[in-house]
Amino acid sequence: KILLFRTTSDKERKIREICKKQGLPGGEFPAEMMIFSGMSSEQLDVFLKSYRESGISPIGCKGILTPNNVFWTAEELFQELWKEHLAMNSVKRG
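Residues numbered from 1 in each chain as written. Predicted model: local features only at pLDDT ≥ 70, side-chain atom pairs only at ≥ 80, totals over all residues. Heavy atoms only, no water.

Digging into the nonpolar core
Inside soluble globular proteins, nonpolar side chains tend to come together where they are buried. The condition that has to hold: Within this scheme, the nonpolar core is defined by two criteria: the residues are buried Ala, Val, Leu, Ile, Met, Phe, Trp, Tyr or Cys, and they are joined through side-chain atoms within 4.5 Å. Only protein chains enter the area calculation, which uses a 1.4 Å probe; residues under 20% of their type maximum are buried, those over 50% are exposed, and those in between are partly exposed. Runs of H or I in DSSP of at least four residues are treated as helices and runs of E of at least two as strands, each being numbered from the N terminus.
Counting six residues, the largest nonpolar core is built from Met-34, Phe-36, Leu-44, Leu-48, Tyr-51 and Ile-59. Those elements that provide at least two residues to this core are strand 1 (33-36) and helix 2 (41-54). Ranked by residue count, the leading element in this core is helix 2, at three residues.

In structure tokens form, the structure reads like this:
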């Protein structure tokens, strides 16, 4: 996969076309994912509080880059966060 950050939709579309022509994986993750890196616990708490208060719809797969996961692929990180998300939601419902 190719991860894009802060690209325009036109640029993203063109990159997807190149990937498709070259047979490169260009699929998307089945859910949104937000990764935090280089933030103190206080900064993270303040951000998450502001995020909730802003009324932005929740992102289920959130995680923090750690020494344990820093070398994981994006897919591995997503899979782990997705399992955690499903487990947390089953606890809330049960």
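Alright, that's what it looks like, and here's the rest.
Some thoughts on the pattern of salt bridges
Formally: Here a salt bridge means any side-chain nitrogen of Lys or Arg lying within 4 Å of a carboxyl oxygen belonging to Asp or Glu.
Enumeration according to the criterion identifies six salt bridges in this entry. Between Arg-13 and Asp-10 there is a salt bridge whose closest N-O contact spans 2.6 Å. Of this pair, Arg-13 and Asp-10 both sit in helix 1 (residues 9-22), three residues apart, which is roughly one turn of the helix. Taking the relative accessible area as the measure of exposure, Arg-13 reaches 40% and is therefore partly exposed. Owing to a relative accessible area of 35%, Asp-10 belongs among the partly exposed residues under this scheme. Asp-10 is the salt-bridge partner of Lys-14, the closest N and O atoms lying 3.2 Å from each other. Taken together, the residues span about one helical turn, with Lys-14 and Asp-10 both in helix 1 at a distance of four residues. For Lys-14, a relative accessible area of 43% corresponds to the partly exposed category. If you follow the salt bridges from partner to partner, you end up with Asp-10, Arg-13, Lys-14 and Glu-17 in one network.

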